[in-house]
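# Notes for the structure review
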Amino acid sequence: MAESTYREAVRSALREEMLRDPQMILLGESITGYGGSYAVTRGLVDEFGPQRVMETPIAEAGIVGFAVGAAMGGLRPVAELMTVNFALLALDQIVNSAAKFHYMFGGQWSVPMVVRTVSGFGQLGPTHSQTFEGWFASVPGLKVVMPSTPADAKGLLLSAIRDPDPVIFIEHSLLYSTRGPMPDDPAQLVPIGRAKRVREGTDVTVVAYSRMLLQALQAAETLEREDGCSCEVIDLRTLRPVDYPTVAASVRRTHRVVLCGEDWRSGGFGAALLAELQDLCFDDLDAPIARVAMPDVPLPYARNLEQALVPSSDQVVQAVRSVL
Amino acid sequence: MAESTYREAVRSALREEMLRDPQMILLGESITGYGGSYAVTRGLVDEFGPQRVMETPIAEAGIVGFAVGAAMGGLRPVAELMTVNFALLALDQIVNSAAKFHYMFGGQWSVPMVVRTVSGFGQLGPTHSQTFEGWFASVPGLKVVMPSTPADAKGLLLSAIRDPDPVIFIEHSLLYSTRGPMPDDPAQLVPIGRAKRVREGTDVTVVAYSRMLLQALQAAETLEREDGCSCEVIDLRTLRPVDYPTVAASVRRTHRVVLCGEDWRSGGFGAALLAELQDLCFDDLDAPIARVAMPDVPLPYARNLEQALVPSSDQVVQAVRSVL
Amino acid sequence: MLPEELSPPECRRLYRQMVLIRHFEEHAAEAYAQAKVGGFLHLYIGEEAVAVGALAAARPTDPLLTHYRDHGYALARGCDPVSCMAELFGRASGLSGGHGGSMHLADRSRQFWGGHAIVGSHIPIGTGMAYAAKYQQRDDVVLEFFGDGATGNGIFHEGLNMAALWKVPVVFICENNLYGMGATLAEESPVKDMVIRAEGYTMPARQCDGMDLLSVYQTVKAACAHARAGHGPFFVECITYRFRGHSMADPELYRDKEEVRRWRALDPIPRFGQLLIAHRICTEQELTAIGEEVEAEMLEVVAAADAAPLPDPATVSDLIYANPIDPARLAAGPEAVAGPIRPAVAVAGE
Amino acid sequence: MLPEELSPPECRRLYRQMVLIRHFEEHAAEAYAQAKVGGFLHLYIGEEAVAVGALAAARPTDPLLTHYRDHGYALARGCDPVSCMAELFGRASGLSGGHGGSMHLADRSRQFWGGHAIVGSHIPIGTGMAYAAKYQQRDDVVLEFFGDGATGNGIFHEGLNMAALWKVPVVFICENNLYGMGATLAEESPVKDMVIRAEGYTMPARQCDGMDLLSVYQTVKAACAHARAGHGPFFVECITYRFRGHSMADPELYRDKEEVRRWRALDPIPRFGQLLIAHRICTEQELTAIGEEVEAEMLEVVAAADAAPLPDPATVSDLIYANPIDPARLAAGPEAVAGPIRPAVAVAGE
Ligand SMILES: Cc1ncc(C[n+]2csc(CCOP(=O)(O)OP(=O)(O)O)c2C)c(N)n1
Ligand SMILES: Cc1ncc(C[n+]2csc(CCOP(=O)(O)OP(=O)(O)O)c2C)c(N)n1
Ligand SMILES: [Mg+2]
Ligand SMILES: [Mg+2]
């Protein structure tokens, strides 16, 4: 079975879809000559030219607004925002333009576009280490995807590009160099809105996505080994709409839940998940729903401080133990 | 005891603090000749002049950035963003400048500023009927206040202006004309971070803020009358930091909770509250924590559709009944 | 003096359009007073020559985006007045199905891509639409209307900057009515003439008299020719004035009646009317007849809008997505599927 | 030819500052290679004449804000090199306590209000600081440095627009190094000369040679005089070049070695050095001696930074607020209290 890095998987999705769909364009900052700050788009401008792989000014709101218009004009734009931190500058266009038009104008047109961006950390300092998936996932009209594996990154990105609605596609800087198996069919799609049970278990349900999925799996191994605890691990993959049927079904079997994310604990996406799950599963719960999240601190630059704050598999282990 | 409208209460806080503090300035769109889109600042430019009551271009990010700088320069700026919907354009300045500087620069300076803005609805359409308090309340470095009464509006705004940290002060367009008693001491402050038990009860705790506080009190009367149910009603007043001790103490007595807000159900502030309360009170809860919130829909213009969606006291009544 | 393509029938049509807008707005104001219209209502009265003159200078197939003061453009583009009024009344048959309201009219069938209520937000969107036209080698020119107030917002800068950078076929039309809500030009802008804004992008720009339909027509005509010829964006400033307040809620404390009176004397409708008389295209009587005819039509429009059905609350959650996803249905299915799910060539909204 | 206020000792000081920055950056790069510095590291090598020349032309009390490529400004402002390096090493004694890192240096005691890492975000902030200076009738001039890439962002427009509107004492200094990360000037901007940007605000602007300390000095001198005299903002463009990549992670695929070589030939340090020799202010030997002296100092700087203590993780949540609020403590207290809690006259950060 073929293997690929997460980075190559994203690139191949972009490249293969551009080959398939002449209306698809890419735009973003330093995505041409530089190849993208995480080298995802490297080489694409040489293959498709500057009309289809567009170097933009440093203007996030303009980039997203432009992409919305390009989509309305019949193109399939994929806009790259260099990191999710800078997406704050484009939030109005994402929330009030992309997410609203189909509903607000009575369904006369949709906005088939993807905003590709990246969360992550690594001594980047308080302004460059944030992740706002909880905010995006709270907006009706948006679809939000955060893949954890190369195969899902490709399959979900293909689905996102072909979807007629705006999709926020959030990659993770610390996953780009991870490797994983790829399906035999290179055009295989992963449906948006479908979670994946990546590890079967009976004692507790651990829900994660993006980088935290790896932490969750590592924690599951540790717990199996050290506590003989059987963790079921679910990769959420899509944050809006959330696949509650899959998650709730698991919780009804395990009666215990741990939610893993990297955004701030107060009001992060974990809180949104927790709230819905307590509505769905209150009577099934034998313990409070536990969360692994970023403490409410602007992530500082110093390595030792950052390491003290960033969610890790150890914290997942402790969270699971707290609900057993 | 003196009475005042919510609008006059906000204005008097601004006016009296400007008289007391020569370094305080106001800035915003149409706040001078127009008097503010909700007439809050009417007359202030005549009294204090255009150097202290500044008409700005329609540039939300610039307004907040300017206010951050003015605060760093030693002024006490109160920036008005005409509605919270437009605050999306200023989120980067709020999150990455105002909220970060004190921490990020090692405590060398703070950013003593207030962003006054307004949530609300009333056939304003999808782009003008949103409220994002859950987003602001999730950001470390911000303080978030949403008063429901004239007295609190004044007392909390005075505290906000005098606070050395950035405060997001969210008023409600549908409260401006409501009247209420004012304290005898016009300079009385209401501390940020202190909730208020506005109605004592034994059967259920209803937590609300801003306009929903009125709906909650109305619902409490109905429930008393029709169900003989005794509701304790807590006015949260401050959304960051949340006064969990006061809320949790109530929940430990009533064992039932209903959270009321106007933002979207998925990932709104209610979800953040629910998540923390579940952590604090899981064993005290006899029923799932119920939420009254806006359904996940961009609030449409048509009156009948809007009325079908907007949280009301009836919904609070139903929510309370659902947990009894 | 009249461009020859403006034939007498065409001139009468344009005059009638301005009158239609004027009467539509007056009836909208009346309906607002009767609480048939809610929320914010921004009237176009006084600025009719801009929408009518500019859209006459463009092709009916040229994509159009405007700010929230959008009734005039919709009508000048030929949108059904009943559907426009029904949207203001919040009816299912409204131009936007009752979801958008006065600030969010749109009619895709007429390439009217919306009234936009976040000031300036549509500017980069129009730039993107113009890029799509260029990319697909359509010879469309995108028309973008916005107010003087929008020029202070960063999104204006980003949208114009990209348009100049990529030389897309767009005409930016700034309706300078001297006020941004309650802010005077002097309060909101360091430059009195909005055309100066274009210099920062070395974008060609021209100012015209927004109270004179011919002036607007000829300026926008030249601008469209420039853009359609592939020379990139063009910036047009129309000096105009709104006779009414910013919205129905506006007490107009920031300007004096005398100023309003002076501008009302420049009313674009009688002004164009006099021109038609001078050119023997119409008689005074014919102009009066047009006014009466339009008024009669408007009474029917209001009655029809009033009779239109309300949206069904049961459908309130429809249309949030073009492709709604139901995880419950998916949860049963496979975790990955063979593509392609959708067609490669996107036709927006289909 | 040398302005007389640039006395021989002052000239030597400026030369030494450029050398100090150069060596600091080279050691920072080395420390990055040794993983003593993490995250993003943006070097100032090649652009030394801009920070040194500009800050020499201003007063040490003039508030200063820069973008994230900020080491050069900090050192030119006289910040302690050990504290600067310690910040890069993430130490408690770092200029920002280890919280900010390379992109977020600040030293309030020297009126250095930060390196800012969100491109352009500091522009309206500087405008606000300049307004405060004007309001308080201080004769400070705020200096704002940013790159060519920042000019495409809306926040640049909003900040300059407000500065021009309110005539505040600020000098905008655009460091045009021909690239915004990997974007060439032609890719990111419709205008080659950033001074053209200023025309949209009718803001006076002047371009200078950023590789020539004197050219920068004299241009910024004039700009500051203009702003300090109350004539409002001034825009300066310095044409310069970064000899290294955008950051340490940059493979520099977007520019060719030949171009870099051509610019390296214009190195501002030997260029100013030759001038000093020509004016008999220094001998070749003295310049060499300065280089050796600075290198010796740098070895001590690195050693001292290396020896500096790490921040205490127990304090990681401190400093999020200047006035932390503990609801648990409050919950006991009254629901309202008598004011005033804090002093009326705000002294930021106290
Ligand atoms: C981003 C944003 N800020 C503020 C508002 C509130 N607002 C609506 S219209 C308006 C004034 C716009 O003035 P101008 O652009 O000149 O258009 P005009 O109303 O004069 O036609 C303002 C401030 C808004 N809708 N969007
Ligand atoms: C709003 C925002 N978008 C993108 C980035 C990523 N980024 C960091 S530096 C940079 C290029 C800036 O170029 P320029 O302003 O010319 O400054 P230079 O690096 O050349 O000194 C970019 C795109 C950012 N930090 N902030
Ligand atoms: Mg206007
Ligand atoms: Mg640059």
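If you're wondering where the values come from, they're calculated on a predicted model, not measured in any experiment.

Moving on, we come to the interface of chain C and chain A. Often the size quoted for an interface is simply the accessible area lost on bringing the parts together. Taken together, the contacts link 61 residues of chain C with 73 residues of chain A. Summed over both partners, the interface of chain C with chain A buries about 5,300 Å², with 64% contributed by carbon and sulfur atoms. It is Tyr135, Tyr321 and Glu335 of chain C that lose the most area in chain C upon contact with chain A, and together they represent 13% of the buried surface on that side. Across the chain C-chain A interface, the total number found is zero salt bridges. At the boundary of chain C with chain A, the tally comes to 28 residue pairs in polar contact (both at pLDDT 80 or more). Going through the elements one at a time, β2 (112-116), α5 (122-135), α6 (154-166), α13 (327-332) and β9 (337-338) of chain C are the ones with two or more residues in the side of chain C that touches chain A. Considered class by class, the residues forming the side of chain C that touches chain A number 38 nonpolar, 16 polar and seven charged. The pairing of strand β9 (residues 188-189) of chain A with β9 of chain C spans two bridges and is classified as antiparallel.

Attention now goes to the packing of helix α3 (residues 60-72) of chain B against helix α5 (residues 122-135) of chain D. Their axes nearest at 6 Å, the elements α3 of chain B and α5 of chain D cross at an angle of 45 degrees. In terms of axis orientation, α3 of chain B runs oblique to α5 of chain D. In this structure, α3 of chain B crosses over α5 of chain D, and the sense of that crossing is right-handed. For the pair α3 of chain B and α5 of chain D, contact is made by Gly62, Gly65, Phe66, Val68, Gly69, Ala70 and Met72 of chain B and by Pro124, Ile125, Thr127, Gly128, Met129, Tyr131 and Ala132 of chain D, respectively. Counted by class, the contact of α3 of chain B with α5 of chain D contains nine nonpolar, five polar and no charged residues.

To continue, consider the sheet that holds strand β2 (residues 112-116) of chain D. What links the strands of a sheet is backbone hydrogen bonding, and the strands pair in either a parallel or an antiparallel sense. All names here are of chain D. Spatial ordering of the open sheet is given by β2-β1-β3-β4-β8-β7, a layout of six strands whose pairing is parallel. Single-partner strands in this sheet number two, and they are β2 and β7 (205-209). When strand polarity is set aside, the average angle formed by the axes of neighbouring strands in this sheet is 15 degrees. Each of β1 (64-67), β3 (142-147), β4 (170-176) and β8 (234-239) is contacted by helix α2 (residues 48-57), which is oriented at about 165 degrees to β3, the strand it contacts most.

Turning next to the sheet that holds strand β4 (residues 170-176) of chain C. Residue and element names in this part refer to chain C. Strand order in the open sheet made by the six strands is β2-β1-β3-β4-β8-β7, with parallel pairing throughout. Strand pairing shows two members of the sheet lacking a second neighbour, β2 and β7 (205-209), which therefore form its edges. Sheet twist, expressed as the mean angle between neighbouring strand axes with direction ignored, is 15 degrees. Sheet analysis places β4 next to strand β8 (residues 234-239), joined by six bridges and oriented parallel. Residue pairing for β8: Cys174 is matched across the bridge by Glu237. The strands that α5 touches are β1 (64-67), β2, β3 (142-147) and β4; relative to β3, the one it contacts most, it runs at about 170 degrees.

Conventions adopted
Residues numbered from 1 in each chain as written. Chains lettered and ligands numbered in written order. Predicted model: local features only at pLDDT ≥ 70, side-chain atom pairs only at ≥ 80, totals over all residues. Heavy atoms only, no water. Contact = heavy atoms within 4.5 Å. Buried area = accessible area lost by both parts, 1.4 Å probe. Salt bridge = Lys/Arg side-chain N within 4 Å of Asp/Glu carboxyl O. Polar contact = N/O pair within 3.5 Å; in protein donor to acceptor, adjacent residues only side chain to side chain. Helix = DSSP H or I, 4+ residues; strand = E, 2+ residues; numbered from the N terminus. Nonpolar A, V, L, I, M, F, W, Y, C, P; charged D, E, K, R; others polar. Pairing = 2+ DSSP bridges. Axes fitted to C-alpha atoms, helices over the stretch in contact; angles between N-to-C directions. Parallel < 35°, antiparallel > 145°, perpendicular 65-115°, else oblique. Left-handed = near helix turned anticlockwise from the far one by under 90°.

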